[in-house]
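Examining the three-dimensional arrangement
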Amino acid sequence: MRDFSSQGRRRDSAIIWVQESAHAVRDTEGNSLYYEGFMTDITERKLADEELRRLSTHDTLTGLYNRGFFMGEMARLERGREFPISIVMADVDHLKRINDQNGHAVGDALLKRVAQVLTAAFRVEDVVARIGGDEFAVLLPGTDAAAAEVSLERVRRIIQENNAANAETPIRLSLGVSTAESPASLSGVLQQADESMYREKRENNAS
């Protein structure tokens with residue numbers, strides 16, 4: 001008996017997954033005469049498996065990577081050769097107040113907009129993740145300190161553009177960044193970026 005799965009197309013051109021099972025029909029002496037088998041449409045099961053894999057690595061609200069995936073990628077990059085590596089931390093200012101005053105639906109919509117801003121501001125190869133309720137982090141492989149600062153300016157510019165179209169619920173982010181110019185512990189870089197972000201948050205709250 002042989003079992004394997006493959007992609008196929010229905011008559012309406014829709015792509016489906018099928019599982020094919022086949023076994024040999026033999027004569028009285030055990031010689032193979034031919035194979036017979038059947039195909040089963042397993043598209044729903046395949047899509048469900050893919051969704052489970054996606055949910056294990058992605059944040060359900062924003063669609064960004066989740067904390068587990070981010071930490072795994074950080075460990076992987078730490079062992080690699082893509083230095084310098086920068087890490088950006090971002091925290092949404094006053095999210096609790098927004099949730100309390102306007103409801104969690106408004107707060108969730110704001111978090112989704114933050115995700116859109118960060119996705120637009122960074123490269124495809126950068127790892128953009130939501131690592132906490134109001135916290136986001138970005139891994140930037142092959143990015144030195146100067147290039148990381150340029151990325152932060154791009155984030156701020158895109159926020160301004162987004163806020164112009166959403167004046168009632170503007171995005172306010174505190175940002176921090178740190179860079180490992182040569183191989184080093186990225187957990188330390190993450191902590192430094194977090195401290196940098198909180199310094200900006202304190203300045204924002206004081207102003």
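If you're wondering where the values come from, they're calculated on a predicted model, not measured in any experiment. (Residues numbered from 1 in each chain as written. Predicted model: local features only at pLDDT ≥ 70, side-chain atom pairs only at ≥ 80, totals over all residues. Heavy atoms only, no water.)

Brief notes about the packing of helix H4 (residues 104–121) against helix H5 (residues 145–164)
In plain terms, the rule: Between N-to-C directions, angles cover 0 to 180 degrees, with each direction set by a line fitted to C-alpha atoms, over the stretch in contact for helices. Segments assigned H or I by DSSP are reported as helices when at least four residues long, segments assigned E as strands when at least two residues long, and all are numbered from the N terminus. The labels follow the angle: roughly parallel below 35 degrees, roughly antiparallel above 145, roughly perpendicular from 65 to 115, and oblique for the rest. We call a crossing left-handed when the near helix sits turned anticlockwise from the far one by less than a right angle, and right-handed when that turn is clockwise. What makes two residues a contact is simply this: any of their non-hydrogen atoms within 4.5 Å. Three categories are distinguished: nonpolar for Ala, Val, Leu, Ile, Met, Phe, Trp, Tyr, Cys and Pro, charged for Asp, Glu, Lys and Arg, and polar for the others, with Gly belonging to the last.
Taken N-terminus to C-terminus, the directions of H4 and H5 make an angle of 135°; their axes are 9 Å apart at the nearest point. Taken together, the axis directions place H4 and H5 in an arrangement best described as oblique. Considering how the two elements wind past one another, H4 and H5 form a crossing that is right-handed. Residues Arg113, Val117, Leu118, Ala120 and Ala121 of H4 pack against Arg154, Val155, Ile158, Ile159, Asn162 and Asn163 of H5. Classifying every residue of the contact of H4 with H5 by side-chain character gives seven nonpolar, two polar and two charged.

What to know about the sheet that holds strand E6 (residues 135–141)
Heads up, the condition is: Note on pairing: DSSP must find at least two bridges between two strands before they are called paired.
Taken in spatial order, the four strands make up an open sheet running E5-E6-E4-E7, and their pairing is antiparallel. Where the open sheet ends on each side, the last strands, each with one partner, are strand E5 (127–130) and strand E7 (173–180). Geometrically, the sheet is characterised by an average inter-axis angle of 15° between neighbouring strands, direction not taken into account. Here strand E4 (residues 85–92) pairs with E6 via seven bridges, running antiparallel. Of the residues in E6, the one forming a bridge with valine 88 is valine 138. Contacts between helix H6 (residues 186–206) and the sheet are confined to E4, E6 and E7, with E7 contributing the most and set at about 150° to the helix.

In short, geometric facts, not functional conclusions.
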